[in-house]
Amino acid sequence: AVNALKTVACNVTDTDAIIVDLLGASDATDARYLVTELCRDAYSATNERFAFLDVTKKGPQFDNEYFSGGTYLNYERETNAGDNVLKVDAARISRIRKDQARTKVIDLPLYLPAFDPDSDGCDFDAAFCCWVQDRQANDNNGNCNTPYDSQCIDKDPADNANFCYTDHSRSSSANNVLGGFSVFGDIENGKENIEGPIHCHGFAWAQDDTDTSAVY
């Protein structure tokens, strides 16, 4: 990108020196700071934004309930008659993933307690979700099968995690419990992984708010 800005008369090969000159910076360190601030201003001023509230368009109460493990998006299971097809009922989310999520800035949903740092959420800039049931047949990710009405009731997901401990005071807005904790292990006999099959996925982002992992 820098080389594309060079004129024929420019014979400087040090890209840092070119950036320093273009920005009127004192040195390379100052130039990097100025570039970071330019990016931060650009991200803040961009019109290419998509509100997290518009992902479901069902309001903050619905979104909070979903991230607390509720709503039909977490509960519904397809029937033999073809009702409650999650791929259809949640089609909007799939469309947003393929379009807006790849082209626009979506701010962290700080209106949700699970993500609000003032509510003890996201201290480590990481998030994950876990599922304890399999609701989708024939996806090689659990033992739900067809016919749904008889072979997909209380079925287990593919087990990819070991859920050891949870502090209920860290998520009281979701579990409606003020305190206490649960330990999924046989402490007396030194056994772990007694919680049963559980399937988890997560992601993390940089603390630098101009890093692409934090922006997008």
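Heads up: the structure comes first, above all this text.
Not measured: the values here are computed from a predicted model. (Residues numbered from 1 in each chain as written. Predicted model: local features only at pLDDT ≥ 70, side-chain atom pairs only at ≥ 80, totals over all residues. Heavy atoms only, no water.)

Considering all chains together, one arrives at two disulfides under this definition. Each sulfur of the disulfide joining C130 and C200 lies 2.0 Å from the other. With the S-S bond torsion at 105°, the cross-link from C130 to C200 turns out right-handed. Placement of the pair is C130 in strand β1 (residues 126-131) and C200 in strand β4 (residues 199-204), with a sequence separation of 70 residues. (Disulfide = S-S within 2.5 Å. Helix = DSSP H or I, 4+ residues; strand = E, 2+ residues; numbered from the N terminus.)

Here the focus is the packing of aromatic side chains. Within this structure, the stated rule accounts for seven aromatic pairs. Taking 5.9 Å as the distance between ring centres and 50° as the angle between the ring planes, the aromatic pair formed by F62 and Y72 counts as tilted. Within this pair, whereas F62 is found in helix α5 (residues 60-67), its partner Y72 is found in helix α6 (residues 72-75), the two being separated by ten residues in sequence. By relative accessible area, which is 16% here, F62 ends up buried. Pairing F67 with F115 gives two aromatic rings, centres 5.4 Å apart and planes at 85°, and the pair type is edge-to-face. Of this pair, F67 sits in helix α5 while F115 sits in the loop between α9 (100-103) and β1, placing them 48 residues apart in sequence. Since its relative accessible area comes to 31%, F67 is described here as partly exposed. Assessed through its relative accessible area of 8%, F115 is described here as buried. Three or more aromatic residues link up through ring pairs in this structure, and these residues are F52, Y66, F67 and F115. (Phe/Tyr/Trp six-rings, centres within 6.5 Å; stacked < 30°, edge-to-face > 60°. Buried < 20%, exposed > 50% of the residue type's maximum accessible area, 1.4 Å probe, protein only.)

Below, the discussion takes up the packing of helix α2 (residues 15-23) against helix α3 (residues 28-45). Across the interface, α2 lies against α3 with an axial gap of 9 Å and an inter-helix angle of 60°. Both α2 and α3 take part in a crossing whose hand is left-handed. Residues D16, I19, V20 and L23 of α2 form the contact with α3, whose participating residues are A28, A31, R32, L34, V35 and L38. (Axes fitted to C-alpha atoms, helices over the stretch in contact; angles between N-to-C directions. Left-handed = near helix turned anticlockwise from the far one by under 90°. Contact = heavy atoms within 4.5 Å.)

Another point: the environment of T103. Examined against the element boundaries, T103 turns out to sit in helix α9. Once the C-alpha coordinates of T103 and L34 are considered, the two residues, 69 residues apart in sequence, prove to be 25 Å apart. Of the polar contacts made by the side chain of T103, one reaches the backbone oxygen of D99; its length is 3.1 Å. (Polar contact = N/O pair within 3.5 Å; in protein donor to acceptor, adjacent residues only side chain to side chain.)

To continue, consider the pattern of salt bridges. Scanning the entire structure with this criterion turns up six salt bridges. Here R40 ties to E37 by a salt bridge, and the two come within 2.4 Å at their closest N and O atoms. Pair noted here: R40 and E37 are both in helix α3, with a separation of three residues, about one helical turn. The residue D107 makes a salt bridge to R49 at a minimum N-O spacing of 2.7 Å. Residue D107 is located in the loop between α9 and β1, and its partner R49 is located in the loop between α3 and α4 (53-56); the two are separated by 58 residues in the primary sequence. Given a relative accessible area of 43%, D107 falls into the partly exposed group. Accessibility expressed as a relative area gives 32% for R49, which makes it partly exposed. Shared partners join several salt bridges into a network, and the residues in it are E37, R40 and D209. (Salt bridge = Lys/Arg side-chain N within 4 Å of Asp/Glu carboxyl O.)

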